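Single-letter residue listing:
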Amino acid sequence: MRPVEFFSSLKEGPLLPLYYFYGDEQYLRDRAIQQLLRRWGEKINRGINFEVYSGESTPLSTIIANARTVPFLGKQKIIIVKEAEKTSTSGKDLLGAYLKKPNPKTILIFTGNAFNFRGDSRTFFNQNGLVREFKQPYPKEISDWIKYIAKDLGKLVKDRAAQLILELVGNRLQDIS
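Worth saying up front: this structure is predicted, and the values here are computed from it rather than measured.

The rules behind the values
Residues numbered from 1 in each chain as written. Predicted model: local features only at pLDDT ≥ 70, side-chain atom pairs only at ≥ 80, totals over all residues. Heavy atoms only, no water. Core = buried A, V, L, I, M, F, W, Y, C linked by side-chain atoms within 4.5 Å. Buried < 20%, exposed > 50% of the residue type's maximum accessible area, 1.4 Å probe, protein only. Helix = DSSP H or I, 4+ residues; strand = E, 2+ residues; numbered from the N terminus. Contact = heavy atoms within 4.5 Å. Pairing = 2+ DSSP bridges. Axes fitted to C-alpha atoms, helices over the stretch in contact; angles between N-to-C directions. Expected span 1.5 Å × (residues − 1).

1. Considerations on the nonpolar core
Phase 1: Judged by nonpolar contacts, the single largest core of 29 residues is most densely connected at Tyr19, Phe21, Ile78, Ile109 and Leu173.
Phase 2: Where this core is concerned, the elements lending two or more residues are helix H1 (3-11), strand S1 (18-22), helix H2 (26-40), strand S3 (77-82), strand S4 (106-112), helix H6 (139-152), helix H7 (159-169) and helix H8 (173-176).
Phase 3: Among the elements that line this core, the one with the most residues is H2, at seven residues.
Phase 4: Leave out the neighbours within four places in its chain, and Phe21 touches Leu10, Arg29, Ala32, Ile33, Leu36, Ile109, Phe110, Thr111, Gly112, Leu130, Arg132 and Phe134.
Phase 5: Counting residues in each nonpolar core, the second largest holds 21 residues, with Ile79, Phe124, Phe125 and Val131 among its members.

Quick look at the structure:
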């Protein structure tokens with residue numbers, strides 16, 4: 001996937017109530033969340049319309065209860081659930097009910113290495129949100145990513161320089177950035 005294609009899907013249209021970003025490329029998952037936060041446009045104050053939870057240590061019932069509440073002095077709120085693949089199986093029924101009819105005032109973002117929800121949950125994620133897997137880019141795509149990352153930092157990198165960076169640093173986007 002080329003950089004332009006990746007970010008264009010997050011830049012267009014309304015913000016969705018549900019996102020699930022998963023896969024082995026941590027850098028792309030983090031960039032997707034950063035893009036959504038920029039689009040959200042509100043000042044980020046943890047505890048006020050912005051929460052980050054660990055899927056491993058936070059019960060789904062707590063996350064869903066927070067997602068159902070209205071934002072405080074804002075249009076919307078964002079809840080990020082990291083390590084979503086580690087959520088316990090208890091509370092999956094609550095999640096299923098929420099996914100069927102998500103709160104339009106909440107942007108609920110799950111992120112992790114794998115997609116943990118099966119059956120109806122996946123269907124409702126796809127109907128009411130966006131599910132996206134982020135794999136490590138193919139070797140032929142890394143040059144484009146190097147140029148894109150450099151441009152994002154206000155720098156211009158030509159093809160030969162991108163190739164040298166790739167040879168020196170390797171193909172992990174996290175290391176390149």
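What follows picks up the thread again.
2. Regarding the sheet that holds strand S2 (residues 50-54)
Each strand in a sheet pairs with its neighbour through backbone hydrogen bonds, running either in the same direction (parallel) or in the opposite one (antiparallel).
Phase 1: With parallel pairing, the five strands of this open sheet are ordered in space as S2-S3-S4-S1-S5. With one partner strand each, in any of the chains shown, S2 and strand S5 (129-133) form the two edges of the open sheet. Adjacent strand axes in the sheet meet at a mean angle of 10° when their direction is disregarded.
Phase 2: Bridge count for S1 against S5 is five bridges, and the pairing is parallel. From the neighbouring strand, Tyr19 faces S5, where its bridge partner is Leu130.
Phase 3: Running at roughly 110° to S5, helix H5 (residues 120-128) makes contact with S1, S4 and S5 of the sheet.

3. Quick word on H6
Phase 1: In this model, H6 (14 residues) spans 21 Å end to end at C-alpha, consistent with the 20 Å of a helix rising 1.5 Å per residue.
Phase 2: Among the residues of H6, Glu141, Ile142, Ser143, Asp144, Trp145, Ile146, Tyr148, Ile149 and Ala150 are the ones counted as buried.
Phase 3: Gly154, located one to two residues past H6, shows a positive phi value of around 80°.

4. Concerning the environment of Ala114
Phase 1: Tracing the chain through its elements places Ala114 in the loop between S4 and H5.
Phase 2: Those residues within four positions of Ala114 in sequence are excluded, and the remaining contacts are Tyr20, Tyr22 and Glu85.

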